[in-house]
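# Per-entry structural report
Chain by chain, the residues:
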Amino acid sequence: MSSSSAAPGRGDKAVKPPMRDALVAAAFRLFLERGYERTTVDDIVALAGVGRRSFFRYFPSKEDVVFPDHERCLAEMTAFLAASAADDEPVRRVCDAARLVLRMYAENPAFSVQRYRLTKQVPGLRAYELSVVWRYERALARYLRTRFAGLRDGILRADVIAAAVVAAHNNALRSWLRSDGKGDAEAAVDHALGHVQAAFGAAPAPPVTEGPEDVVVVVSRRGAPLWRVVQELESALGRG
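Within any chain, residue numbers begin from 1 and follow the written order of that chain's sequence. Per-residue local features are limited, in this predicted model, to residues with pLDDT of at least 70; the limit for side-chain atom pairs, both in listing and counting, is 80 or more; totals at the level of whole chains, interfaces and linings are taken over all residues. By convention in this description, side-chain values take in all heavy atoms of the structure and omit both hydrogens and water.

Right, let's get into the overall build of the chain. Numbering of helices and strands runs from the N terminus, with a helix taken as a DSSP run of H or I at least four residues long and a strand as a DSSP run of E at least two residues long. Of regular secondary structure, the chain possesses eleven helices and zero strands. The classification of residues rests on relative accessible area computed with a 1.4 Å probe and restricted to protein chains. Under 20% of the type maximum is buried, over 50% is exposed, and intermediate values are partly exposed. Counting all 240 residues of the chain, 37% fall into the buried class. In what follows, residue pairs with any heavy atoms lying within 4.5 Å of each other are defined as contacts. Residue pairs at least 24 apart in sequence account for 64% of intrachain contacts in the chain once pairs closer than 6 positions are excluded. Working definition of accessibility: Shrake-Rupley area with a 1.4 Å probe, residue cover restricted to the visible protein chains. Surface exposure of the chain reaches about 14,800 Å², of which carbon and sulfur atoms provide 54%.

The following block contains the structure:
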C-alpha cells in the first residue's frame, strides 16, 4: 500500500512525497476532518497543492483515491495466475493469489484500518469496495475455469472455489482490520484459506506399494461355465 506520509530525506530536509501519495494523504486528512461526502476533489487538490488535471491523471474519481492500489494489485494477481505452471495445484494457486491482496493491506496497517473505518461509514464506498472484490473473484474464477475446462461441472466448481477463497480471505482480513491491525494477519488468512484447501484441494495420491509382479495364466475349456473359470482362477491364486 502506498504510504500516505512523506519519507524522511537527507539531513534536515524532507523529501516531498510523490504526487500520487500526496493526493492520497490530502484526501484522507480532509475525509477525517470534514467527512467524505463534504470533501470535494477541488478541496483535495488545493490541500495537495496541485491542479485538478493532476488528480484525474492518477484517479478517475474521488472513490478511487480511497482504494489507490487495487488496480496494481489486480494486475499483479492476474500476472501471477497467468504465470502458473501446468503442474501447479489450482486451488493452492488461487489461495496464493489471494495472499497478494493481504500483503497490499499489510504494507501499511494504519492506512488500511483508516480506510476500513471510512468505508463502513459511507454506503457509496461500501458499494465501490464490493465491485473491487468482485473483480478479484472474477480473476480467480477465470483461471480456475481454464484449469477445470472439460471436467464435469468445471465452471460451477471454478466459480464456487473462487467465491470461497474470497470469502475466507475477507473474513480473516476484516477481523484483523477490526482489531486495528493488531495480531498476525498472515497467520489468520493462512488459517482461513486452509479451510478452502481442505474442502476443495486435490487429495494426496495413495502410496503405491511396490513389489514383484505375478502373472497368472488360467487355461480353461471353451464353453466352460463362468463359475468353473472363477473356481480355477481362485485355485491358481491360492484362494481356493
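Attention now moves to the side chain of lysine 62. Position of lysine 62 among the secondary structure elements: in helix α4 (residues 62-66). Glutamate 37 provides the closest opposite charge to the buried, unpaired lysine 62, separated from it by 4.9 Å. Under this definition, polar contacts are N or O atom pairs within 3.5 Å; protein pairs additionally need one hydrogen-donor-capable and one acceptor-capable atom, and for neighbouring residues in sequence, both atoms have to be side-chain atoms. Separated by 2.9 Å, the side chain of lysine 62 and the backbone oxygen of tyrosine 36 make a polar contact. If we ignore the near neighbours within four places in the chain, the residues touching lysine 62 are Phe31, Tyr36, Glu37, Thr39, Val41, Ile44 and Phe55. Only four residue types enter the charge count, namely Lys and Arg as positive and Asp and Glu as negative; His and the chain termini do not. Here a salt bridge means any side-chain nitrogen of Lys or Arg lying within 4 Å of a carboxyl oxygen belonging to Asp or Glu.

In this section: the layout of surface pockets. Estimated volume of the largest pocket: approximately 170 Å³. Around the largest pocket, the lining is made up of 14 residues, and of these Asp64, Phe67, Pro68, His70 and Glu71 lie nearest the centre. Those elements that place two or more of their residues in the lining of the largest pocket are α5 (70-82) and α8 (123-147). For the lining of the largest pocket, the element with the most residues is α8, which contributes four residues. Lining residues are those with an atom within 4 Å of a point, where the points come from a 1 Å grid over the protein atoms alone and group into cavities, where a 1.4 Å probe fits but cannot get out, or pockets, open sets with protein on both sides within 12 Å along at least five of seven lines. Grid points are joined across faces, edges and corners, and a volume is the space filled by probe spheres set on the points.

Attention now goes to the UniProt feature "DNA-binding region" (unreviewed entry) in the chain. UniProt positions are given in the numbering used here, feature names are shortened, and annotations may be inferred rather than shown by experiment. Within this structure's numbering, the places UniProt gives as "DNA-binding region" (unreviewed entry) are residues 40-59. What you have in residues 40-59 is 75% helix and 0% strand, and the ends, taken at the C-alpha atoms, are 13 Å apart.

Ring geometry is summarised as follows: Phe, Tyr and Trp rings, the Trp one being its six-membered ring, pair when their centres sit within 6.5 Å, and such pairs are stacked at plane angles under 30 degrees, edge-to-face over 60 and tilted between the two. Scanning all chains against the criterion turns up seven aromatic pairs. Each ring, one from tyrosine 58 and one from phenylalanine 59, has its centre 6.4 Å from the other, and the planes form 45°; the classification is tilted. With a relative accessible area of 1%, phenylalanine 59 lands in the buried category. Aromatic pair phenylalanine 67 and tyrosine 128: ring centres 5.1 Å apart, planes at 20°, arrangement stacked. Linking phenylalanine 67 in the loop between α4 and α5 with tyrosine 128 in helix α8, this pair joins segments that are 61 residues apart in sequence. You can call phenylalanine 67 buried: its relative accessible area is 4%. One Lys or Arg, lysine 62, reaches over the ring of tyrosine 36 and ends 4.1 Å from the middle of that ring. Consider the ring centre and the ring normal. A charge sits over the ring if Lys NZ or Arg CZ is within 6 Å of that centre and within 35 degrees of that normal. Above the face of the phenylalanine 148 ring, arginine 157 is positioned so that its terminal group lies 5.5 Å from the ring centre.

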